[in-house]
Amino acid sequence: MDTIQITLPDGAKREVPKGTTAAEVAKQISPRLAKEALVARTNGDLTDLSRPLDQDTSLAILTAKDPDAVQVFRHSAAHLLAAAVLELYPNVKLGIGPPIDYGFFYEFLRPEPFTPEDLEKIEAKMHEIAARDLPNERKFLPKPEALKLYKDSDQTFKCELVEEKAIEPLVSFYTTGKFIDFCRGPHIPSTGRIQAFKLLNVAGAYWKGHEGNPQMQRIYGACFVEKSQLDAYLHKLEEAKRRDHRRIGTELDLFSIEELAGPGLIFWHPKGGLVRKLIEDWLRDELLRRGYDLVFTPHIMRLDLWNTSGHTNFYRASMFGPIEVEKAEYQLKPMNCPGHILIYKSRLRSYRDLPQRYAELGTVYRYERSGVLHGLLRVRGFTQDDAHIFCTPDQIEKEVEACVDFAFAVMKTFGFDRYEVELSDWDAGHPENYAGKPEDWQRATHALETTLERLNIPFKRIEGEAAFYGPKIDVKLIDAIGRPWQLTTVQFDFNLPARFDLEYVGEDGSRHQPLMVHRALLGSVERFFGILIEHYAGAFPAWLAPVQVEVLPLSEKIAAYAQQVTEKLRGAGFRVHLDDRNEKLQAKIRDAQLQKIPYMLVVGGKEAEAGTVSVRHRAKGDLGARPLDDFIGTLNAEIAQKGAS
Ligand SMILES: [Zn+2]
Ligand SMILES: [Zn+2]
């Protein structure tokens, strides 16, 4: 009998009869592995456990511990969804059904929209099919037969896919019971293991993502190998819903988007405006302290400027159309960089003037399709905390380090303690795709890299991810429920200084081109506010809370004392509100809690006599009676701590 040699991941070799399957090898290794196995990897490729091995190969049996195997599991769940939908609605047309981060989707064409009740029915049907433990079997059909199969069942999108994608004469299919799908696989052996899933929502998507194509309905589902993982994921979704900044923004009266004014444009209400002022004040103070200069640039500028910068070329799709004024065309600014460049260029700079650091809370306008707009997070008008640094080559390490230090100060101040850092480098094999000389790239990347290493900041380096004009580092914050948010970017630019002929007179008396760094810490004030609302679930720390203290008199008899307490707190610089409505204390406390006001001070006859206040914290509850001055001292200390409290 023919034998073949199998090399396992630990290096062990095994002789097995030719035609042995990976599933059989798993059984030989251990019954437990055989039970947990989802898929195999032979010579680097994922493959079905049931496929016979016919030549010497490396072989890994993959379980739920392997992320690739989990994606195969989710893909099998997508097939299960399509099988269930076809059993219930035999006339739907199938699109594609890939795995995604947390589960899967499958897309369908159907005249009627899928309702939440439909999703329940489909989910129940999926469980029913899963319980039949049907094998996922691979099958090959000659291309003409494959096309006929789909033509006969009127699956036009699948016909299109077979026409485009099937390169070999034999076309690969997978069957799950009666369900058959054009698919390269691999899949897990059978449906029985797919139990931890939940259908979440339906979203419209054009076939192949092209506007004008038929509008498919994508059914999205969460799917994990273990039930506990699904539960944790669903809990996180619930938590995200509870923290949704759009809902909290309305409940706390922070901001709105007005239909009459247009989508993606933010109205900051008094309380939101106050938080914004506090964020901006902190930022401006830090900018000045850290050696930046504050500048202001116009909101519209000649289109010529944007031709020079190149934005009308590579950035056109994100810009609003030009505005004609006295036969000249003007452009609403999508970026602040060219404005800062003009300030730099307004006079001849010497190496002694460098670095120049221009910072602006610059409002920009960018065109985003209305379908992608999302509360404060994706908008059409926003204010960047933008800065541009112009420096000499030997200044870049110090400048990069200062940017990174500033980014970490932002994080600490606003209460984030977890982060991820990415360094995006060019694809050194294709220098022709990039602006700038190789030595510029090396120097800049080296500066980014050594700075992160020196500061002991772990980072992921991604080759080929850089923009064409320079390498960058991105800092993503991890919020209270573990979601990453892209915030800070420190981005080199070898393109704009050349396009604008920027120069400085060097120590040697001749002209040189300065290096330019774009740097935003919060990204945009709007988006940052949205992230803060979700991070704190609307319960801002005392230093940021629009109202810090609510004074609650027990009855009208205490009005004078309550007024006196309020005045004293206001005089001490706190944001305080007196609730003198003729309501029961419980109702007043409930309302203050709903407004997420950090402190409630209850005052009655006893307090008035003793000159005290009964302190109640929105999270810690009743903290007892204390002299007012005492309370003022502790609150001052808490505010000084900022996000760290
Ligand atoms: Zn498939
Ligand atoms: Zn810029």
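As the structure is a computational prediction, the values presented were derived from the model and not from experiment.

Further remarks concern unusual backbone geometry. The amide bond that connects glycine 185 to the next residue, proline 186, takes the cis arrangement and shows omega of -5°. Positionally, proline 186 belongs in the loop between strand 11 (179-182) and strand 12 (197-206). Note the cis peptide between leucine 354 and proline 355, where omega equals 0°. Residue placement: proline 355 occurs in the loop between strand 20 (349-350) and strand 21 (356-365). The backbone phi angle of lysine 327 is positive, close to 65°, even though this residue is not glycine. Counting through the fold element by element, lysine 327 comes out in the loop between strand 18 (323-325) and strand 19 (328-332).

The full count for this structure, using the stated rule, is two cavities of 30 Å³ or more. What lines the largest cavity is Arg284, Leu287, Leu294, Val295, Phe296, Ala359, Glu360 and Leu361. Elements represented by at least two residues in the lining of the largest cavity include exactly helix 9 (270-289) and strand 21. Here the lining of the largest cavity gets three residues from one element, more than from any other, and that element is strand 21. Residue composition of the lining of the largest cavity, grouped by class: six nonpolar, no polar and two charged. Looking at the second largest cavity, its volume works out to about 30 Å³. In terms of lining residues, the second largest cavity is bounded by Ala407, Val410, Met411, Val475, Leu477, Leu487 and Thr488. The greatest single-element share of the lining of the second largest cavity, amounting to three residues, is contributed by helix 13 (residues 396-413). Counted by class, the lining of the second largest cavity contains six nonpolar, one polar and no charged residues.

Coordination sphere of the zinc ion (ligand 2), protein contribution only: Cys337 (SG), His388 (NE2) and His518 (ND1), at 1.9 to 2.4 Å. Mapped onto the sequence, the residues coordinating the zinc ion (ligand 2) show the spacing C-x50-H-x129-H. You can see cysteine 337 sitting in helix 12 (residues 337-345) and its partner histidine 518 sitting in strand 29 (residues 515-524), a full 181 residues away along the chain. The residues cysteine 337 and histidine 518 share a single accessibility class, namely buried.

This paragraph deals with the packing of aromatic side chains. All chains considered together, the criterion is met by 30 aromatic pairs. With a centroid separation of 5.3 Å and 10° between ring planes, the pair formed by tyrosine 102 and tyrosine 233 is classed as stacked. Of this pair, tyrosine 102 sits in the loop between strand 7 (99-100) and strand 8 (103-109) while tyrosine 233 sits in helix 7 (residues 227-242), and the two are 131 residues apart along the sequence. Overall, tyrosine 102 belongs to the partly exposed group, its relative accessible area being 23%. Judged by its relative accessible area of 19%, tyrosine 233 falls in the buried class.

A few words on the pairing of strand 2 (residues 13-17). Pairing analysis gives five bridges linking strand 1 (residues 3-7) to strand 2, with the strands arranged antiparallel. Its bridge partner being in strand 2, isoleucine 4 is matched across the sheet by valine 16.

It is worth spelling out the environment of arginine 218 at this point. Tracing the backbone through its elements, the reader meets arginine 218 in strand 13 (residues 215-223). In the structure, arginine 218 is positioned 315 residues away from isoleucine 533 in sequence and 30 Å away in space, judged by C-alpha atoms. Apart from residues lying up to four places away in sequence, arginine 218 is in contact with Phe105, Tyr106, Glu107, Asn201, Val202, Ala203 and Ala205. Separated by 3.0 Å, the side chains of arginine 218 and glutamate 107 make a polar contact.

Strand order across the open sheet formed by three strands is 9-10-11, with antiparallel pairing between neighbours. Lying at the two open borders of the sheet, with one neighbouring strand each, are strand 9 (136-142) and strand 11. This sheet shows a mean twist of 35° between the axes of neighbouring strands, independent of strand direction. In this structure, strand 10 (residues 170-176) lies alongside strand 11, joined through four bridges in antiparallel fashion.

One open sheet accounts for five strands, arranged 2-1-5-3-4; its pairing is mixed. The strands lining the two open edges of the sheet, one partner per strand, are strand 2 and strand 4 (45-47). Direction aside, neighbouring strands of the sheet carry axes that sit 40° apart on average. As defined by bridge partners, strand 3 (residues 39-42) adjoins strand 5 (residues 57-62) across four bridges and the pair is classed as antiparallel. When the sheet's bridge partners are listed, valine 39 is paired in strand 5 with leucine 62. Relative to the sheet, helix 1 (residues 22-29) contacts strand 1, strand 2, strand 3 and strand 5, its axis offset from that of strand 5 by approximately 70°. The sheet strands contacting helix 3 (residues 67-88) are strand 3, strand 4 and strand 5, and the helix crosses strand 3 at an angle near 130°.

The full count for this structure, using the stated rule, is 51 salt bridges. In this structure, glutamate 526 engages arginine 276 in a salt bridge whose closest nitrogen and oxygen atoms are separated by 3.5 Å. On the criterion of sequence distance, the pair formed by glutamate 526 in helix 16 (residues 525-536) and arginine 276 in helix 9 is long-range, its members being 250 residues apart. The buried category is assigned to glutamate 526, whose relative accessible area is 4%. Residues lysine 460 and glutamate 422 are paired through a salt bridge, measuring 3.9 Å at the closest nitrogen-oxygen approach. One end of the pair, lysine 460, is in strand 24 (residues 460-462); the other, glutamate 422, is in strand 23 (residues 418-424), with 38 residues separating them in the sequence.

So, about a nonpolar patch on the surface. On the surface, a cluster of nonpolar side chains totalling about 200 Å² of accessible area is made up of Ile300, Ile323 and Val325. Mapped onto the elements of the fold, isoleucine 300 is located in strand 17 (residues 300-302). Overall, isoleucine 300 belongs to the partly exposed group, its relative accessible area being 36%.

Time to look at the domain arrangement of the chain. You can read the domains of the chain as domain 1 (3-63), domain 2 (72-87 + 109-240), domain 3 (255-297 + 336-536) and domain 4 (549-644). Domain 3 and domain 4 are separated by 41 Å when their C-alpha centres are compared. Every contact between the two is made by nine residues of domain 3 and, on the other side, five residues of domain 4. When domain 3 packs against domain 4, close to 420 Å² is buried across both sides, 61% of that on carbon and sulfur atoms. On the domain 3 side of the contact with domain 4, Leu274, Leu278 and Thr413 bury the most area, a combined 51% of that side's loss. One can count zero salt bridges joining domain 3 with domain 4. Summed over the shared surface of domain 3 and domain 4, the result is zero residue pairs in polar contact (both at pLDDT 80 or more). Grouping the constituent residues of the side of domain 3 that touches domain 4 by class yields five nonpolar, two polar and two charged.

The rules behind these values
Residues numbered from 1 in each chain as written. Chains lettered and ligands numbered in written order. Predicted model: local features only at pLDDT ≥ 70, side-chain atom pairs only at ≥ 80, totals over all residues. Heavy atoms only, no water. Helix = DSSP H or I, 4+ residues; strand = E, 2+ residues; numbered from the N terminus. 1 Å grid on protein atoms, 1.4 Å probe; cavity = no way out; pocket = protein on both sides within 12 Å on 5 of 7 lines; lining within 4 Å. Points joined across faces, edges and corners; volume = space filled by probe spheres on them. Nonpolar A, V, L, I, M, F, W, Y, C, P; charged D, E, K, R; others polar. Donors = N, O, S within 2.8 Å, 3.2 Å for Na, K, Ca; no water. Buried < 20%, exposed > 50% of the residue type's maximum accessible area, 1.4 Å probe, protein only. Phe/Tyr/Trp six-rings, centres within 6.5 Å; stacked < 30°, edge-to-face > 60°. Pairing = 2+ DSSP bridges. Contact = heavy atoms within 4.5 Å. Polar contact = N/O pair within 3.5 Å; in protein donor to acceptor, adjacent residues only side chain to side chain. Axes fitted to C-alpha atoms, helices over the stretch in contact; angles between N-to-C directions. Salt bridge = Lys/Arg side-chain N within 4 Å of Asp/Glu carboxyl O. Patch = residues over 30% accessible without salt bridge, like charges linked within 9 Å, V, L, I, M, F, W, Y side chains within 5 Å. Areas by Shrake-Rupley, 256 points an atom, 1.4 Å probe, with all protein chains shown as cover. Domains from an automatic or database assignment. Buried area = accessible area lost by both parts, 1.4 Å probe.

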